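Observations on chain architecture
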Amino acid sequence: MTSTDQSFEHLLSSVREFIRTECIPYEKEVDLADEIPERIVQGMRDLGLFGHSIPREFGGAGLTSEQLSLVNMEVSQAATTFRARFGGNTGIASESLIVDGTPDQKKKYLPKLASGELTGCFALTEPNAGSDATAQKTTAIKEGNEYILNGTKCFITNAPVADLFTVFARTDQTIKGAAGVTAFLIERGTSGLSTSQRYQMMGQRGSPVGEVILENCRVSENAIVGGRPGLGFRTAMKALNKQRINLAGLCIGPAIRLVKEMVDYARTREQFGQAIGEFQLVQQMIAESNLEVYAARALLLETARKRDSGQDVTMEASMCKLLASEMCGRVADRAVQIFGGAGYIAGNVAEQFYRDVRLFRLYEGTSQIHLVNIAKRTMAMMNEVKSA
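Here is a short report on the structure shown in this document. In this text the structure is predicted, and so the values were computed from the model without any measurement.

**Considerations on the pattern of salt bridges**
- This structure, assessed with the given rule, holds 23 salt bridges.
- Here Glu-126 ties to Lys-153 by a salt bridge, and the two come within 2.7 Å at their closest N and O atoms. Of this pair, Glu-126 sits in the loop between strand E1 (120–123) and strand E2 (139–143) while Lys-153 sits in strand E3 (residues 146–157), and the two are 27 residues apart along the sequence. Pair check on accessibility: Glu-126 and Lys-153 agree, each one buried.
- One salt bridge in this structure joins Glu-143 and Arg-218, with 2.8 Å as the shortest N-O distance. Taken as a pair, Glu-143 in strand E2 and Arg-218 in strand E7 (residues 209–220) lie far apart in primary sequence, 75 residues in all.
- What makes Glu-143 partly exposed here is its relative accessible area of 44%.

**Overview of the packing of helix H10 (residues 314–339) against helix H12 (residues 367–387)**
- Between H10 and H12, the least distance of the axes is 9 Å, while the angle of their chain directions is 145°. Handedness of the crossing formed by H10 with H12: left-handed. Residues Thr-314, Met-315, Ser-318, Met-319, Lys-321, Leu-322, Ser-325 and Glu-326 of H10 pack against Ser-367, His-370, Leu-371, Asn-373, Ile-374, Arg-377, Thr-378 and Met-381 of H12.
- Residue classes in the contact of H10 with H12 are distributed as 6 nonpolar, 7 polar and 3 charged.

**Observations concerning helix H9 (residues 280–308)**
- Along its 29 residues, H9 runs 42 Å from first to last C-alpha, staying within 8% of the 42 Å computed at 1.5 Å per residue.
- Buried within H9 are the following residues: Val-282, Met-285, Ile-286, Ser-289, Glu-292, Val-293, Ala-296, Leu-300, Leu-301, Thr-303 and Ala-304.
- Against the buried residues of H9 lie helix H4 (65–75), helix H8 (232–268) and H10.
- Just beyond H9, the residue with positive phi is Gly-310, at close to 95°.

**Comments concerning H8**
- A rise of 1.5 Å per residue sets the reference length of H8, with its 37 residues, at 54 Å; its end C-alpha atoms lie 54 Å apart and thus fit the reference within 8%.
- The buried fraction of H8 is high, at 28 of 37 residues.

**Remarks on the side chain of Glu-74**
- Assignment of secondary structure puts Glu-74 in helix H4.
- Other than its neighbours up to four places away in sequence, Glu-74 contacts Leu-12, Val-15, Arg-16 and Ile-19.

**What about the nonpolar core?**
- Among the nonpolar cores identified, the biggest contains 61 residues, and Met-44, Phe-82, Ile-252 and Ile-338 are the most heavily contacted of them.
- Those elements giving two or more residues to this core turn out to be helix H1 (3–23), helix H3 (38–47), H4, helix H5 (80–87), H8, H9, H10 and helix H11 (349–357).
- It is H8 that contributes the most residues to this core, 12 residues altogether.
- Beyond its immediate sequence surroundings of up to four residues, Ile-252 is in contact with Met-73, Val-293, Ala-296, Arg-297, Leu-300, Ala-324 and Met-327.
- Ranked by size, the runner-up nonpolar core spans 23 residues in total, among them Leu-118, Phe-168, Phe-233 and Leu-240.

**Side note on the environment of Ser-115**
- Mapped onto the secondary structure, Ser-115 falls in helix H7 (residues 103–115).
- Sequence separation between Ser-115 and Ala-255 is 140 residues; the distance between their C-alpha atoms is 29 Å.
- Apart from residues lying up to four places away in sequence, Ser-115 is in contact with Arg-45 and Phe-50.
- Of note is the side chain of Ser-115, whose polar atom sits 3.2 Å from the backbone oxygen of Lys-112.
- Among the polar contacts made by the side chain of Ser-115, one reaches the main-chain amide nitrogen of Glu-117 at a distance of 3.2 Å.

Calculation rules
Residues numbered from 1 in each chain as written. Predicted model: local features only at pLDDT ≥ 70, side-chain atom pairs only at ≥ 80, totals over all residues. Heavy atoms only, no water. Salt bridge = Lys/Arg side-chain N within 4 Å of Asp/Glu carboxyl O. Helix = DSSP H or I, 4+ residues; strand = E, 2+ residues; numbered from the N terminus. Buried < 20%, exposed > 50% of the residue type's maximum accessible area, 1.4 Å probe, protein only. Axes fitted to C-alpha atoms, helices over the stretch in contact; angles between N-to-C directions. Left-handed = near helix turned anticlockwise from the far one by under 90°. Contact = heavy atoms within 4.5 Å. Nonpolar A, V, L, I, M, F, W, Y, C, P; charged D, E, K, R; others polar. Expected span 1.5 Å × (residues − 1). Core = buried A, V, L, I, M, F, W, Y, C linked by side-chain atoms within 4.5 Å. Polar contact = N/O pair within 3.5 Å; in protein donor to acceptor, adjacent residues only side chain to side chain.

The values are spatial; any link to function lies outside them.
Next up, the structure:
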């Protein structure tokens, strides 16, 4: 084992210990309070969780896609809200800067995102621009060396607590679709930018999600990610491509946890004079769950390695996200079934995770959108083979 391998194994071990000792014991407390205690957030900062995917030169750990996948499968074995608190910084909220930011923008913001001094968020979705993200209505009108932004973003993770917003707006009103959309970096406190109260959600309580409201928000042209207008949608797709790989790992972690919880419960819960784990139909649900976890994990790690080698994994990233999120939903459903009536009672791990993981099939592209994307790319690939 090389020193690099040993360093990563130490990091993974530290993360595993933090999740098991500092997060899992407080899942119920956070779910009820709808807030993560600041001491736990500070522990995340101290452990470097906010900067795992940010390059080392900017204070992060510079993890590869494969390494980040392994970390994500560990951190998400606690209630998903914990990872959501730092996940933007080490995922979608920093990736736009990493892939397309100017040298000055990277130098100014990435170290603060990596340390957790700043919390970032990715403001793309709008009331009428969800699955069709190209239907952006937020406008950015140029006036001298500045832009004036107007519009509303919704369902934005960490918006109520964010310090730095990556906001997407249409700078060219004459072009429809993806062209003419620009990404802007806007700091909290900028006149004209405000955020809503956090939503009351079905699950993932403790994760602050809300709206970003732009009312004549005036920013310098230097706030454009990469310094060039009109490239925002390209930037968004780059960030989402990586985030879909990340999210697959975040779906697999809860499924791993639930398989363990199912086994533990099946060993101790008795019916008809024996542990329910002795019944073959219960064993079937456990076996199917473990099988699906292994299949999703294998696809994820293969895709992550391909991305690390520089290959285009756009279709595979969609496959990972779709397979892992649907798998996680099925495993959560089986967990409730094995727990029986107890699994439907609030405060139970099966009940909480059942609520928490339902969101996975909606964000970063619904399952239906990913099916469409996979179908289109598969057909295009077949046409290329046929014409070759």
